[in-house]
Amino acid sequence: MVQGYEVVLYLVYATLALGIIVPVIPRRQLKIHRMLAWLAVIIFFVASAVLLYNTTAGAVEYYGGLLVHDSFTAAITLAAAIAAIMALMAVDVDAGLWPSHPAYYSLLPLILFGVFFMAGSYDALVLLASWLVVSIASYVFIALPGDRESRGAAVRYIIMGAVATLFLAFWVALHTGIQAGLSKFAYKPYADASLASLAVPTLIAALGFKLGIVPFHWWLPSVYGRADGRAVAVVAGVAKLGFIAALARVLYAASVSPEVSSRIALVLAALAVVTMTYGNVAALTTRDLQLILTYSSIAQIGYILVAAAALAYLAPADPRYATLALAAIAIHSLSYALSKSPLFSAAQELRGGLRGLALRSPVAALSASILLMSLLGMPPLLGFWGKLYMFLAAIKYSLPLVLIALVNSGVSAAYYALAIREMLAKEVKVPTVKDSIEASLLIGALLTVILGLVAPQLLAAFTPIY
Amino acid sequence: MVEPIYATLAWLTPYIGALILGFMYLAGIREEKAYGIVSSASLFLAAVLSTVVGLDVLSSGRPIYDVHKWIPWINVDVATYIDGLSAIMIIVVSWLSFFIGVYSVEYMKGDWGYPRYFFVFTFFVGSMLLLVSADNLLLLFIGWEGTGLASYALIGHWYTDEEEYWVGVPGRRALGYPMYFEPSHSGLRAILFTRVGDIGFLLGMAILYALAGTLSLREIASVAGDWTAELAVRGTLLLTLILISLGALAKSAQFPFHEWLVTAMTGPTPVSALIHAATMVKAGIYFILRFAPIVFTGVLASASEAAIHAAQEYFTIIAGLGAVTAFMLATMALVSNEFKLILAFSTASQIGYMFLAAGAAGALIEEADKIAFASGIMAGLSHLVSHAVFKAALFLIAGWAIHAAHSRFIDYMGNYAKYMKVTAIAMWLAGLSLAGIPPLSGFFSKELTLKAAEEAGLSWVFGLGVITALLTAAYTTRLILRVFHLPPYEKSHHEHEPHEAPALMLVPYTILAFAALIIGLSWTKVSEAFSRASELTLALLAPAKLEIHVTTELMTIVAGVLASIVAVAYAYKVARVDFKSLIARSTIARGIHDFLFDRWYINSIYYATIVYGFAVLSLILAAVDTAIDWFYHAGLVGLAGVGSVALRRLHRGRPEYYTTLYLFMASLALLLITLIWR
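Residues numbered from 1 in each chain as written. Chains lettered and ligands numbered in written order. Predicted model: local features only at pLDDT ≥ 70, side-chain atom pairs only at ≥ 80, totals over all residues. Heavy atoms only, no water.

Points about the overall build of chain B
In terms of regular secondary structure, chain B is built from 26 helices and 4 strands. The buried share of chain B, reckoned over its 678 residues, is 59%. With an accessible surface of roughly 26000 Å², chain B has 70% of that area assigned to carbon and sulfur atoms. (Helix = DSSP H or I, 4+ residues; strand = E, 2+ residues; numbered from the N terminus. Buried < 20%, exposed > 50% of the residue type's maximum accessible area, 1.4 Å probe, protein only. Areas by Shrake-Rupley, 256 points an atom, 1.4 Å probe, with all protein chains shown as cover.)

Focus on the overall build of chain A
If you tally the helices and strands in chain A, you get 17 helices and 2 strands. A burial count over chain A gives 64% of its 466 residues as buried. Accessible surface for chain A amounts to roughly 15400 Å². Of this, 70% is attributable to carbon and sulfur atoms.

A short note on the packing of aromatic side chains
Counted under the stated rule, the structure contains 63 aromatic pairs over all chains. Taken together, a centroid distance of 6.3 Å and an interplanar angle of 40 degrees make the contact between W95 of chain B and F99 of chain B tilted. Residue W95 of chain B and its partner F99 of chain B are both found in helix α3 (residues 84-107); the two are separated by 4 residues, about one turn of the helix. Taking 5.4 Å as the distance between ring centres and 80 degrees as the angle between the ring planes, the aromatic pair formed by W112 of chain B and Y159 of chain B counts as edge-to-face. Residue W112 of chain B is located in the loop between α3 and α4 (114-133), and its partner Y159 of chain B is located in the loop between α5 (137-155) and β3 (173-174); the two are separated by 47 residues in the primary sequence. Among the residues examined, W112 of chain B registers a relative accessible area of 48% and is labelled partly exposed. On the accessibility criterion, Y159 of chain B (47% relative accessible area) is partly exposed. By way of ring pairs, the aromatic residues Y139, Y157, F167, F209, F216, W219, Y224 and F344 of chain A together with Y662 of chain B are connected into one cluster. K396 of chain A extends its terminal NZ or CZ atom over the ring of Y321 of chain A, reaching a point 4.8 Å from the ring centre. In this arrangement the basic side chain of K580 of chain B is found over the ring face of Y489 of chain B, its NZ or CZ atom lying 5.2 Å from the centre. (Phe/Tyr/Trp six-rings, centres within 6.5 Å; stacked < 30°, edge-to-face > 60°. Lys NZ or Arg CZ within 6 Å of the ring centre and 35° of its normal.)

Overview of the packing of helix α2 (residues 30-55) of chain A against helix α3 (residues 71-91) of chain A
Residues and elements named next belong to chain A. One can describe the packing of α2 onto α3 by two numbers: an axis separation of 8 Å at closest approach and a directional angle of 160 degrees. Accordingly, the angle class assigned to the pair α2 and α3 is roughly antiparallel. Between α2 and α3 lies a crossing of left-handed hand. On α3, the residues that touch A37, W38, V41, F44, F45, S48, A49, L51, L52 and T55 of α2 are S71, A74, A75, T77, L78, A81, I82, A84, I85, L88 and M89. Considering only residue class, the contact of α2 with α3 consists of 17 nonpolar, 4 polar and no charged. (Axes fitted to C-alpha atoms, helices over the stretch in contact; angles between N-to-C directions. Parallel < 35°, antiparallel > 145°, perpendicular 65-115°, else oblique. Left-handed = near helix turned anticlockwise from the far one by under 90°. Contact = heavy atoms within 4.5 Å. Nonpolar A, V, L, I, M, F, W, Y, C, P; charged D, E, K, R; others polar.)

Quick word on empty space enclosed by the protein
Residue and element names in this part refer to chain B. Within the structure shown, the criterion is met by 4 cavities of 30 Å³ or more. Empty space within the largest cavity amounts to approximately 80 Å³. Lining of the largest cavity is provided by 13 residues; of these, G168, M179, L341, F597 and R599 occupy positions nearest its centre. Looking at the lining of the largest cavity residue by residue, the class counts come to 6 nonpolar, 3 polar and 4 charged. (1 Å grid on protein atoms, 1.4 Å probe; cavity = no way out; pocket = protein on both sides within 12 Å on 5 of 7 lines; lining within 4 Å. Points joined across faces, edges and corners; volume = space filled by probe spheres on them.)

Describing the confidence of the model for chain A
In the predicted model, chain A carries a mean pLDDT of 90, and 97% of its residues have values of at least 70. Highest mean pLDDT in chain A belongs to helix α4 (residues 103-120) of chain A (95); lowest belongs to helix α7 (residues 193-211) of chain A (86). (pLDDT = per-residue confidence, 0-100.)

What to know about the interface of chain A and chain B
On the chain B side, the residues contacting the 37 residues of chain A number 26 residues. Both sides together, the interface formed by chain A and chain B hides about 2700 Å², and carbon and sulfur atoms give 76% of it. Counting across the chain A and chain B interface gives 0 salt bridges. For the interface between chain A and chain B, the tally reads 9 residue pairs in polar contact (both at pLDDT 80 or more). The element contributing the most residues to the side of chain A that touches chain B is α7 of chain A, with 11 residues. In terms of residue class, the side of chain A that touches chain B is built from 27 nonpolar, 7 polar and 3 charged. (Buried area = accessible area lost by both parts, 1.4 Å probe. Salt bridge = Lys/Arg side-chain N within 4 Å of Asp/Glu carboxyl O. Polar contact = N/O pair within 3.5 Å; in protein donor to acceptor, adjacent residues only side chain to side chain.)

Examining the packing of helix α8 (residues 224-234) of chain B against helix α12 (residues 280-302) of chain B
Residue and element names in this part refer to chain B. Running from N to C, α8 and α12 cross one another at 75 degrees; their axes reach a closest spacing of 7 Å. Between α8 and α12, the angle falls in the class roughly perpendicular. Packed against α8, whose contacting residues are A224, G225, W227, T228 and A229, the element α12 presents F291, I294, G298, V299, A301 and S302 at the interface. Here the residues of the contact of α8 with α12 sort into 7 nonpolar, 4 polar and no charged.

As for the side chain of S440 of chain A
All names here are of chain A. Along the chain, S440 falls in helix α17 (residues 435-460). Residue S440 is classed as buried on the basis of its relative accessible area, which comes to 0%. In this structure S440 touches M86, M89, A90 and P342, once residues within four positions along its chain are discounted.

Regarding unusual backbone geometry
Of note, the amide linkage connecting P379 of chain A to P380 of chain A takes the cis form, showing an omega dihedral of 0 degrees. In this fold, P380 of chain A is placed in the loop between α14 (362-376) and α15 (382-395). Here P438 of chain B and P439 of chain B are connected by a cis peptide whose omega angle stands at 5 degrees. Along the chain, P439 of chain B falls in the loop between α17 (421-435) and α18 (441-455). Positive phi outside glycine occurs at R576 of chain B, with the angle close to 55 degrees. As for its placement among the helices and strands, R576 of chain B is situated in the loop between α22 (552-574) and α23 (579-585).

Quick notes on the side chain of S48 of chain A
All names here are of chain A. Inspection of the secondary structure assignment puts S48 in helix α2. Of the residues examined, S48 reaches a relative accessible area of 2% and is grouped as buried. When neighbours within four sequence positions are excluded, S48 is seen to be in contact with T77, L78 and A81.

Structural notes on the nonpolar core
In terms of nonpolar packing, the biggest core is built from 219 residues, with F291, I294, F339 and L381 of chain B touching the most fellow members. Among the elements that make up this core, the one with the highest residue count is helix α15 (residues 370-405) of chain B (24 residues). Residues in contact with F339 of chain B, not counting those within four places in the same chain, are A398, A401, I402, R408, I410, M413, M427, L479 and V483 of chain B. Counting residues in hydrophobic clusters, the runner-up holds 204 residues, among them A87, A153, L207 and W385 of chain A. (Core = buried A, V, L, I, M, F, W, Y, C linked by side-chain atoms within 4.5 Å.)

Here we look at the environment of L293 of chain A
All names here are of chain A. Relative to the helices and strands, L293 resides in helix α11 (residues 289-314). Distance in space between the C-alpha atoms of L293 and L372 is 9.2 Å, their sequence separation being 79 residues. The residues contacting L293, other than those within four sequence positions of it, are K340, L343, F344, A347 and L375.

Points about the pairing of strand β2 (residues 76-82) of chain B
Residue and element names in this part refer to chain B. Across the 7 residues that make up β2, a large majority, 7, are buried. Burial along β2 is two-sided: the face carrying V76, V78, T80 and I82 and the face carrying D77, A79 and Y81 are both buried. Inspection of the sheet shows strand β1 (residues 64-71) paired to β2 by 6 bridges, in the antiparallel sense. Following the sheet pairing, D66 is matched in β2 by T80. Hairpin connection between β1 and β2: a loop of 4 residues separates the two successive antiparallel strands, and N75 in this loop has a positive phi of roughly 60 degrees. (Pairing = 2+ DSSP bridges.)

Description of helix α24 (residues 587-597) of chain B
All names here are of chain B. When α24 is considered as a whole, its buried residues turn out to be A589, H593, L596 and F597. For α24, the buried positions fall inside an angular range of 95 degrees around the axis, keeping them on one side. Seen from the buried face of α24, the exposed residues on the opposite side, beyond 90 degrees, are T587 and I588. Against the buried residues of α24 lie α13 (305-335) and α23. Its side-chain oxygen at 3.3 Å from the backbone nitrogen of I588, S586 defines the N-terminal cap of α24. R599 occupies a position one or two residues after α24 and carries a positive phi of about 55 degrees. (Arc of directions from axis to C-beta.)

A word on the confidence of the model for chain B
Across chain B, the average pLDDT comes to 90, with 99% of residues at 70 or higher. Overall fold confidence for the complex sits at a pTM of 0.67, while the interface term, ipTM, reaches 0.88.

As for a nonpolar patch on the surface
Residue and element names in this part refer to chain B. On the surface, a cluster of nonpolar side chains totalling about 900 Å² of accessible area is made up of V616, I620, V624, I628, W630, F631, Y632, L636 and L639. Residue position: Y632 is located in helix α25 (residues 602-649). Look at Y632 and you get partly exposed, because its relative accessible area is 49%. (Patch = residues over 30% accessible without salt bridge, like charges linked within 9 Å, V, L, I, M, F, W, Y side chains within 5 Å.)

Examining the environment of Y180 of chain B
Its location among the elements puts Y180 of chain B in the loop between β4 (177-178) and α6 (183-212). Excluding residues that lie within four positions of it along the chain, Y180 of chain B makes contacts with W166, V167, G168, V169, P170, G171, R172 and R173 of chain B.

Next up, the structure:
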């Protein structure tokens with residue numbers, strides 16, 4: 001009798017297998033490549049849905065506890081799956097024209113496979129391995145479109161990423177050392193403050209690089225802002241979710257005593273303030289959609305850090321609110337992925353500006369507006385609930401932090417609203433988007449609205465391992 | 001016994017009259033006569049009702065109380081309460097209003113604001129009657145503000161501000177501030193000056209309500225022992241009493257609030273007669289007469305040493321302010337060159353006597369002599385009544401004199417006794433009553449107020465009162481001689497001869513002037529009525545002694561007053577002293593003259609400190625506001641814009657530079673965290 005959680009594993013390996021088969025098929029067979037990729041992401045979607053269903057009864061362990069999925073990680077995996085579907089929908093046959101073809105259709109399933117392991121990793125070495133899978137796939141992904149900007153961005157990404165990976169490897173060593181040779185999470189507390197004071201910042205420097213936490217974010221604007229939006233959609237909307245899950249999980253595991261957890265929380269809170277403010281201020285004066293999305297990605301990570309600080313602080317003391325913080329991060333990540341994946345794809349088409357989009361493509365303009373408003377946190381869209389729950393949990397930790405986050409949220413209204421107004425403006429030379437991108441935007445908007453309406457029920461169904 | 005509802009109807013009638021006038025205007029009726037008739041009829045009806053009610057109270061010895069439910073949750077009703085004090089007030093107010101209303105019918109003939117004038121005038125009478133017959137402070141305050149509103153509207157009646165309606169010599173400045181005032185400006189001054197006092201009044205009311213739990217005067221009086229004791233324990237009794245009295249001081253134009261009354265003379269003369277001489281300015285002293293007995297008996301009932309001490313101080317302050325006002329304004333009247341302005345100074349000065357009497361009466365609180373207290377209070381009331389009568393007459397005469405001269409300056413008037421015999425007689429009667437010559441009413445009432453000050457042992461107050469009496473005689477004589485018996489100082493531009501006033505104007509002021517004589521002649525009867533009224537007055541309840549005994553002091557004062565009159569008459573009529581050239585020649589004389597003429601420079605000081613002080617404050621606040629605006633709309637936005645661009649500039653796409661930054665930041669974070677976590 002095959003258990004449900006075992007099925008998940010088979011399906012994830014099936015995703016990987018499909019991804020590996022793609023390059024074997026001759027270059028001309030674009031249809032087959034696409035079909036296989038679609039099959040892979042749908043299989044992965046089913047896998048993560050089954051996983052989420054299974055975790056409602058409790059955490060699911062694989063490989064003797066090296067890989068543990070709970071509601072939080074399963075939700076994040078599902079979000080990655082949905083974002084991947086939307087990215088694939090948006091890119092349509094375009095990737096077939098790239099010199100790297102059929103790499104896109106092969107690497108997308110590979111990234112998903114890596115995200116599955118990274119989100120669920122319960123061991124430092126597993127995290128390192130999955131990190132490498134996702135990272136290398138991401139570097140290549142950025143280079144796929146083959147144009148000058150993309151290749152340049154990819155080179156930067158690789159050089160910087162290598163440094164960050166070194167930090168992660170250093171952390172793995174420290175972590176294993178602290179736990180007397182055990183690389184699994186949370187067997188021993190970070191009791192030794194001097195080692196913890198080394199391990200935690202090392203990990204944050206590594207993860208902060210991937211997530212775009214200020215001041216480790218330097219690469220991000222030149223990659224997100226300059227590379228092909230359709231490739232960025234995958235890196236920012238899919239791959240990033242795995243890192244978010246890893247951040248939350250490791251920090252939760254490290255926050256075992258009030259003494260350590262309050263220190264971690266303080267570091268995260270400080271980074272949250274800097275990150276939010278940096279992202280929002282930098283985004284204020286640009287009218288380029290892709291740049292807005294780039295800097296708003298930094299700001300959004302800042303909000304998530306607010307919840308992460310609360311999570312670290314509340315983990316030993318108040319598990320109920322810690323759960324709320326986790327659920328909030330999951331919901332926010334989902335809304336983030338729903339918005340970013342199609343918007344980045346669309347941004348590639350809208351390099352010339354947004355002005356007048358509503359005249360030619362009202363559906364695209366409306367959908368994009370909804371997605372931007374969700375990023376802003378407008379009720380009743382999904383983004384509102386993510387922010388609401390994150391800030392609610394954070395109130396238990398620090399009111400000033402929440403107030404700063406709210407002010408930041410208010411500031412962000414400026415550039416989101418301006419972008420929406422741009423779309424409604426009258427313009428002689430009206431931009432258009434392709435049907436595939438319009439469809440991707442529409443699905444993102446619909447999901448954002450529908451999930452927003454049922455968000456409180458999603459929260460009620462949330463059960464993490466802790 | 002009359003129906004209690006009459007008491008309510010007495011003040012309601014003018015209100016209804018005003019309402020009808022308003023509808024008439026809206027209906028498009030522009031016939032002057034109609035307005036005059038409706039207004040006069042409603043005033044007459046109110047006068048008759050007031051007389052019926054007032055006389056009933058005085059003869060039956062039972063106060064009338066008429067109550068209609070109004071605001072249950074703060075325990076305030078539309079309640080009219082007529083006791084001895086109110087009975088006298090409503091009779092005096094309503095008849096004066098009627099006479100002056102009739103005078104106005106003629107005086108305002110052809111005025112472009114005729115309907116408006118009568119609407120506001122009638123509304124004023126309703127408010128004034130409500131004020132003096134209200135049972136609770138809220139209703140009283142509504143009447144109070146109604147009179148203030150009407151006063152504002154009537155002072156600014158000629159709001160187009162032609163020069164002939166100004167007060168003061170056009171172009172004259174004191175300390176750099178203009179000393180001439182347009183009607184619209186004067187109206188604003190009046191409402192702003194009284195506003196200062198009214199804020200205090202409101203605060204005081206709130207304190208009383210918080211402590212006594214009621215706004216009804218009768219209930220406040222019945223628990224006065226409790227709240228005075230409580231305030232005395234907290235050490236705030238004196239402050240509270242002064243706060244409540246601020247409204248009264250401002251309304252009655254007592255120092256330091258007297259400035260508004262002076263410039264209120266921009267209104268039509270009947271308005272000056274009714275509102276700014278006979279009635280509204282008396283509202284303040286009415287309130288003191290109403291409130292002082294409550295304080296007096298309350299403090300005695302509390303039997304608290306601190307309360308008695310505070311009350312003594314309060315009453316002394318009231319008496320002192322009254323005396324200072326009486327003296328200060330009398331000196332101003334000496335040199336003024338406008339008919340109405342002289343009368344205005346005189347009004348504030350005479351009301352000073354009333355405050356003096358009420359304060360002096362209360363200052364006897366340590367002796368707990370209720371009869372002496374009642375006598376002092378009733379002395380204030382008797383001077384209120386006699387002043388209302390003769391001052392109304394003087395103002396109405398002023399109206400005609402100004403009309404005849406086509407100028408408000410007395411220098412353009414002269415020898416009127418030749419052309420208008422009856423008016424001259426009326427002027428002498430009213431003027432001598434003001435000067436305090438027996439047997440006119442002013443003599444008795446003024447002597448009573450001085451007697452109260454003397455008995456209270458407030459010698460400096462008494463002294464100021466006596467000096468003021470001499471000054472009063474002097475400026476009155478100067479005024480009468482200048483206008484009626486000396487040739488005009490300046491040549492008038494209008495050559496036709498003056499003549500006697502038309503009947504509708506002549507009759508009212510003649511009646512009033514003779515009333516001053518009749519009241520004086522029948523003082524025994526009148527003082528009996530006042531004595532009875534004092535027994536019927538809320539919280540007073542003691543018979544006042546209002547007889548005048550012939551003493552050395554009395555003889556001295558009368559002799560002094562007569563000497564003052566004779567001296568002025570000699571200087572003007574026989575010696576023919578030319579004061580104008582005297583002032584022009586002598587620096588000292590000019591200095592004194594200017595000091596008095598420019599009202600002790602108090603107006604200029606107010607403008608320099610308060611008006612321009614606030615103007616400067618407003619400029620500063622405007623600058624702060626602009627700065628805040630700039631900060632939000634330009635500063636912050638600009639900063640964000642510059643910051644935004646600067647932050648994006650950091651990303652130039654150079655990997656080696658990024659790597660360095662990344663490593664530097666990571667090391668910095670590591671260092672910081674390691675340092676902090678230790």
